[in-house]
Amino acid sequence: SQQGEEDPQALSIQEGENATMNCSYKTSINNLQWYRQNSGRGLVHLILIRSNEREKHSGRLRVTLDTSKKSSSLLITASRAADTASYFCATDEDNAGNMLTFGGGTRLMVKP
Amino acid sequence: DAGVTQSPTHLIKTRGQHVTLRCSPISGHKSVSWYQQVLGQGPQFIFQYYEKEERGRGNFPDRFSARQFPNYSSELNVNALLLGDSALYLCASRPGQPTKTQYFGPGTRLLVL
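No experiment lies behind these values; they were computed from the predicted model shown.

Asks: Would you mind going over the overall build of chain A with me for this structure?
Replies: A tally of helices and strands in chain A yields zero helices and 11 strands. Its C-alpha atoms give chain A a radius of gyration of 13 Å, within 12% of the compact-globule value 13 Å for 112 residues. Reported as C-alpha extents along the three principal axes, the dimensions of chain A are approximately 40 × 25 × 20 Å. Counting every position in chain A, which comprises 112 residues, the buried fraction comes to 47%. Considering only contacts in chain A between residues 6 or more positions apart, those separated by 24 or more positions represent 54%. In the form shown here, chain A has an accessible surface area of approximately 5100 Å², with 46% of it arising from carbon and sulfur atoms. Considering chain A, the positive charge centre built from 13 side chains and the negative charge centre built from 12 side chains are found 3 Å apart.

The following block contains the structure:
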C-alpha cells in the first residue's frame, strides 16, 4: 500500500511557468522527502522537510508541510524543459530513512 | 565517487523461474534497501539490510528474499516468478545515521513472460 497520494497525477506546463505538486499522507511522520525520477530510472533526492518545519527552500524548489492536514507541496519555480520527470513524495516510517513509503507520483512535462 | 550500481540492467524471465538481482552501494554506505516499482506507480519497499542483518521487510511474499555481504553489496532473490513481478527493481544505499537520504541506483527492469 502507498502512504501518500500525489495530486495532480500529471501536469503539463510551459517553460518558465511554476509547477506545484501536492502530496497527502495518512499517518504521523517524522519527516517527508521529495524525489525525482527521470524516464523510469533511479530516483534522485531533492529535499527533506522535518515534521517541525513548515517550509524549506533549495534553489528553485520550495517545499511546505502542514502536519495538521497531513499534506505537503512541492513548488518548482521558473521551470525548465530539463525539469520534465516524475516527482514523488516519501514518508519515513521509522525516522531512520530505512523504509520509505512513496506516493504514486506526479508526472511533470515542461514544454519548451 | 561511483554511485549505486545494479546488475543486470534488463532481464527477461518466464513464469516459475528464479531471478537474482545485484546491487553495489556507494563506498562507505552500510545500509541497502530494495524497492519494487510497477509501471505507473511509486516504489514499494521490499527489504532493508544494515551490517548484513535484515532490519526491515515490506509486505511481500516469502518468494522474495535478500542478503547482504561483508562488502555491503546485496542480492535480491525472487523465486517462482509471476507475471506480476514484472517491474523496475531499485536498490538504494544510505551511509547511516543521521543521514536519512537514500541514494538510488538506476534499477533492474525485470520482465516476466
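Asks: Looking at this structure, I do not really get unusual backbone geometry. What am I missing?
Replies: Residues other than glycine predominantly adopt negative phi, and peptide bonds predominantly adopt the trans conformation. Geometrically, the link from Asp7 of chain A to Pro8 of chain A is a cis peptide bond, its omega value of 0° lying close to zero. As for its position among the elements, Pro8 of chain A is in the loop between strand 1 (5-7) and strand 2 (10-14). Here the amide bond leading from Ser7 of chain B into Pro8 of chain B is cis, since omega sits at -10°, within 30 degrees of zero. The topology assignment puts Pro8 of chain B in the loop between strand 1 (5-7) and strand 2 (10-13). Within the chain, Ala78 of chain A stands out as a residue other than glycine whose phi angle is a positive 45°. Take Ala78 of chain A: it is sitting in the loop between strand 8 (71-76) and strand 9 (85-92). Within the chain, Lys52 of chain B stands out as a residue other than glycine whose phi angle is a positive 70°. Relative to the assigned elements, Lys52 of chain B resides in the loop between strand 5 (44-50) and strand 6 (53-57).

Asks: Help me understand the pattern of salt bridges in this model?
Replies: Where side chains of opposite charge bring their charged atoms close, a pairing between them can arise. Residue and element names in this part refer to chain A. As enumerated under the stated definition, the model contains 10 salt bridges over all chains in all. Across the pair Asp83 and Arg60 runs a salt bridge, and its minimum N-O distance is 2.9 Å. Taken together, the residues span a long stretch of sequence, with Asp83 in the loop between strand 8 and strand 9 and Arg60 in the loop between strand 6 (55-58) and strand 7 (61-66) at a distance of 23 residues. Since its relative accessible area comes to 7%, Asp83 is described here as buried. Judged by relative accessible area, which is 23%, Arg60 ranks as partly exposed. Connected via shared salt-bridge partners are Arg36, Arg60 and Asp83.

Asks: Is there a simple way to explain the state of the cysteines in this structure?
Replies: By definition, a disulfide links the sulfur atoms of two cysteine residues through a covalent bond. Tallied over the entire structure, the rule returns two disulfides over all chains. Here Cys23 of chain A is linked by a disulfide to Cys89 of chain A, with a sulfur-sulfur distance of 2.0 Å. One disulfide, between Cys23 of chain A and Cys89 of chain A, carries an S-S torsion of 70° and so falls in the right-handed class. Of this pair, Cys23 of chain A sits in strand 3 (residues 19-24) while Cys89 of chain A sits in strand 9; the two residues are 66 residues apart in sequence, bridging distant segments of the chain. When its relative accessible area of 2% is taken as the criterion, Cys23 of chain A is described as buried. Judged by its relative accessible area of 1%, Cys89 of chain A falls in the buried class. Here Cys23 of chain B is linked by a disulfide to Cys91 of chain B, with a sulfur-sulfur distance of 1.8 Å. Since a negative S-S torsion denotes a left-handed disulfide, the Cys23 of chain B-Cys91 of chain B link at about -60° is left-handed. Here the residue Cys23 of chain B occupies a position in strand 3 (residues 19-24), and Cys91 of chain B occupies one in strand 9 (residues 87-94), the gap between them amounting to 68 residues.

Parameters and conventions
- Here the residue numbering is sequential within each chain, running from 1 through the sequence in written order.
- Starting at A for chains and at 1 for ligands, labels are handed out in the order in which the entities are written.
- Where local features are concerned, this predicted model is filtered to residues with pLDDT of at least 70; where side-chain atom pairs are given and counted, the filter is 80 or more; whole-chain, interface and lining totals use all residues.
- To obtain the side-chain values, all non-hydrogen atoms of the structure were used and water was disregarded.
- Secondary structure elements are defined from DSSP: runs of H or I of at least 4 residues count as helices, runs of E of at least 2 residues count as strands, and each element is numbered from the N terminus.
- Atoms counted for the radius of gyration: C-alpha only. Globule rule: 2.2 Å times residue count to the power 0.38.
- Any residue under 20% of the maximum accessible area for its type is buried, any over 50% is exposed, and the rest in between are partly exposed; the area is computed with a 1.4 Å probe on protein chains only.
- In what follows, residue pairs with any heavy atoms lying within 4.5 Å of each other are defined as contacts.
- Per-residue accessibility takes into account occlusion by the displayed protein chains alone, with areas from the Shrake-Rupley method and a 1.4 Å probe.
- When charges are counted, neither His nor the chain ends are considered; positive counts come from Lys and Arg and negative counts from Asp and Glu.
- To locate a charge, the coordinates of NZ of Lys, CZ of Arg, CG of Asp or CD of Glu are taken.
- Between Lys or Arg on one side and Asp or Glu on the other, a salt bridge is scored when a side-chain nitrogen of the former is within 4 Å of a carboxyl oxygen of the latter.
- The rule for a disulfide is simple: a pair of cysteine sulfur atoms within 2.5 Å.

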